[in-house]
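Inside the fold
The primary structure of each chain is shown beneath.
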Amino acid sequence: SWLVSSANWPPTQIFSDGLFQMTNTPWENANLVYLPYCSSDAHMGDTEVELPLFGLQQFRGRRLAREAVKRLVGMKENQEIIFGGTSAGGRGSMVLVDFIHELVHESSTVYGLHDSGAYQDIQPIISGYYPFGSQCHDAYNMFTPPISSQCSELHGPDSLYKCVCGEYMLPHVMTPSQVIIHQYDSYQLSQNIGHDPKDWTYDECMYAEDPYRLGMSTTVEAIWEKEKHVVFAPACYEHGILTWGDFQNVKVDGISAQDQLISWLEDNVRLRAVSYCEGVNCQPTCPQIEMGPYSWCIDKKLTKQADKKQELIREPKPKFEM
């Protein structure tokens, strides 16, 4: 079974790209730990739940993640720790990172790195699909993760589920973080629409632009306004780059996710890397995808939206506060 199981994982796995290939940087020789995803809870749970058809299940992703930090870092002094993840791991890291500080020595510094977890709380086009907003609501009720004070104070006890949903949580992560957002996130769009851009209709393409990309852009700007964070937001149809070469190869105005991360960590300089080109995969450095007759649907309405988004650009601010 795939549920709460590592039975289908190979006995060994080799990574040689992305974060695992940060050559010629100050982090080239950093210790790297990869925690495989087998808990089926976006690393948020530490509970047992009785599920119809599946019986009693142990959702312990939160314990696994925290125990890895405790055992491998623990009370060693003066450590620099990047705690992050991709996709489900990115959702888990944004929820848990504010509680990692309590596991390490007070002299250590914790940063977040959250990739591809900025799901939008919008209705899908495809009928019968489980909306991401509903998934967040049910995940919160099932896994009861800890919620950091800034997000909980904002949304209150009746809407705490929003704090496990990237659209709402990412701007309110309290730990300084790099957030990677693909403005045409291929996972959510493929789930909400039902197929890839080559098969989009005009209406489906318009949905990808508004409400989807417009919502992603709003999330991007809300994160960037927090001076302790940086956000890397290419206009690619992609999902998850931390363990792939696209961590170095996809660039916005000549800046890769790795470039931004190193500049921020080592020099306290926030390099802005947000794409404003028009249309899915419009950036030259995006991985190529197969296109169809309605993969692009730019019209006057979208041009006006792009102009509005341009107005949201803030001048880069060279320092962030801890």
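The text that follows walks through the structure, step by step, so that each part is easy to find. All figures in this text were calculated on a predicted structure; none of them were measured in a lab. (Residues numbered from 1 in each chain as written. Predicted model: local features only at pLDDT ≥ 70, side-chain atom pairs only at ≥ 80, totals over all residues. Heavy atoms only, no water.)

Description of the state of the cysteines
The condition is simple: Criterion for a disulfide: a pair of cysteine sulfur atoms at a distance within 2.5 Å. Runs of E in the DSSP output that reach at least two residues are strands. Runs of H or I that reach at least four are helices, and both are numbered from the N terminus. Classification of residues uses two cut-offs on accessible area relative to the type maximum, computed with a 1.4 Å probe and protein chains only: under 20% is buried, over 50% is exposed, and between them is partly exposed.
Applying the stated criterion to the full structure yields four disulfides. Disulfide pairing is shown between C151 and C163; the S-S distance is 2.1 Å. Judged by the torsion about the S-S bond (-100°), the C151/C163 disulfide is left-handed. A residue pair is termed long-range when its members are at least 10 positions apart, and C151 in helix α4 (residues 149-155) and C163 in the loop between α4 and α5 (166-169) qualify at twelve residues. Take C151 and C163: they sit in the same class, and that class is buried. The partner cysteine of C277 in its disulfide is C282, sulfur to sulfur 1.9 Å. Judged by the sign of its S-S torsion, about 70°, the bond between C277 and C282 is right-handed. Regarding the disulfides, the chain carries the connectivity 1-2, 3-8, 4-7, 5-6 under sequence-order numbering of its bonded cysteines.

Notes on the environment of G194
For clarity, the threshold we go by: Throughout, a residue-residue contact means that at least one pair of heavy atoms, one from each residue, lies within 4.5 Å.
Tracing the chain through its elements places G194 in the loop between α6 (186-193) and α7 (202-224). Among the residues examined, G194 registers a relative accessible area of 40% and is labelled partly exposed. Each C-alpha atom of the pair G194 and S127 lies 9.3 Å from the other, and the pair is 67 residues apart in sequence. Discounting residues that sit within four places of it in the chain, G194 has contacts with I126 and L189.

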